[in-house]
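Overview (structure and organization)
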Amino acid sequence: MMSSLRHARHLLNRIPPRASWFALILTLLAGCATQPPPTVQTDWESHQQALQSLSDYQATGKLGYKGKQRFGANLLWQTAPGQDHLLLTNFLGSTLLKLDATPSRVTLVDNTGKTHQGNNASDLVFSLTGINLPVEQMRDWLIGLPTAADTYQLNNENRVGYLAKRVGDKMWQLDYNEYDYSVSPALPKRMVLSTAGTSITLIIHQWSIN
């Protein structure tokens, strides 16, 4: 009987106090939270073909602009055959800029609700808002397709990690910092687009592929 009691006390003494259990649980949770997202290596030619087949998609997220102006905005980008749509809103939901572009016509609605038209999306955006943005290139660059880039480099997973292109008098560079592997094909999640005096951070929260 005494031997059984001593054994029971020994087992109880080995059970950590409540605070230790809490510390252990928090440690485990912290370990789970800091696990890096899974990555999947691909064949570049196959991945490129999959991107080229995307003709109807939507990206929602955030845009951070640093240049002569500094601002943050909600981002909505939609691409369909023959047309692109860009909407920037502030964090209250008010429109900062709405742009619809086709091969023959560009329409921009500014933050006062006034409508403007032109033939070149990037020039129209800059002339009316002072914002540098290579709109014509975003259709492909946003999904990680280096169309017409002067140079590009692949990352360790054989997706585009960097590209550069001179557009007019500006040399644009785009760094792909993170991809979203929950969609197929994997699409960019965090990017930094920059040229002299301008840096644009793009964070995509959700991709919708039709």
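Residues numbered from 1 in each chain as written. Predicted model: local features only at pLDDT ≥ 70, side-chain atom pairs only at ≥ 80, totals over all residues. Heavy atoms only, no water.

An unreviewed UniProt entry lists the protein under the name Outer-membrane lipoprotein LolB, with Photobacterium gaetbulicola Gung47 given as the organism. Taken verbatim from the UniProt record of the protein, the Sequence similarities (unreviewed entry) comment is "Belongs to the LolB family." According to the UniProt record, the Subcellular location (unreviewed entry) comment for the protein reads "Cell outer membrane". (UniProt positions renumbered as here; feature names shortened; annotations may be inferred.)

**Looking at the nonpolar core**
Grouped together as the largest cluster of nonpolar side chains are 44 residues, with contacts concentrated most on Leu-86, Leu-99, Leu-142, Ile-143, Tyr-176, Ile-200 and Trp-207. Excluding residues within four positions of it along the chain, Leu-99 makes contact with Asp-84, His-85, Leu-86, Val-106, Thr-107, Leu-108, Ala-121, Val-125 and Val-135. (Core = buried A, V, L, I, M, F, W, Y, C linked by side-chain atoms within 4.5 Å. Buried < 20%, exposed > 50% of the residue type's maximum accessible area, 1.4 Å probe, protein only. Contact = heavy atoms within 4.5 Å.)

**Some thoughts on the packing of aromatic side chains**
Inspection of every chain in the model, using the stated rule, returns four aromatic pairs. Measuring from ring centre to ring centre gives 5.2 Å for Tyr-65 and Phe-71, while their planes differ by 15°; the resulting arrangement is stacked. For Tyr-65, a relative accessible area of 3% translates into the label buried. Across from the ring centre of Phe-126, 5.7 Å away, lies the NZ or CZ of Lys-170, which sits over that ring. (Phe/Tyr/Trp six-rings, centres within 6.5 Å; stacked < 30°, edge-to-face > 60°. Lys NZ or Arg CZ within 6 Å of the ring centre and 35° of its normal.)

**As for the pattern of salt bridges**
This model, assessed by the stated rule, comprises four salt bridges. One salt bridge connects Arg-139 with Asp-84, and the closest N-O pair in it is separated by 3.1 Å. With Arg-139 in helix 5 (residues 135-141) and Asp-84 in strand 3 (residues 83-89), this pair connects stretches of sequence that are 55 residues apart. Note on Arg-139: relative accessible area 24%, which makes it partly exposed. Exposure remark for Asp-84: the relative accessible area of 16% places this residue in the buried category. When the shortest N-O distance is used, the salt bridge between Lys-170 and Asp-169 registers 3.4 Å. (Salt bridge = Lys/Arg side-chain N within 4 Å of Asp/Glu carboxyl O. Helix = DSSP H or I, 4+ residues; strand = E, 2+ residues; numbered from the N terminus.)

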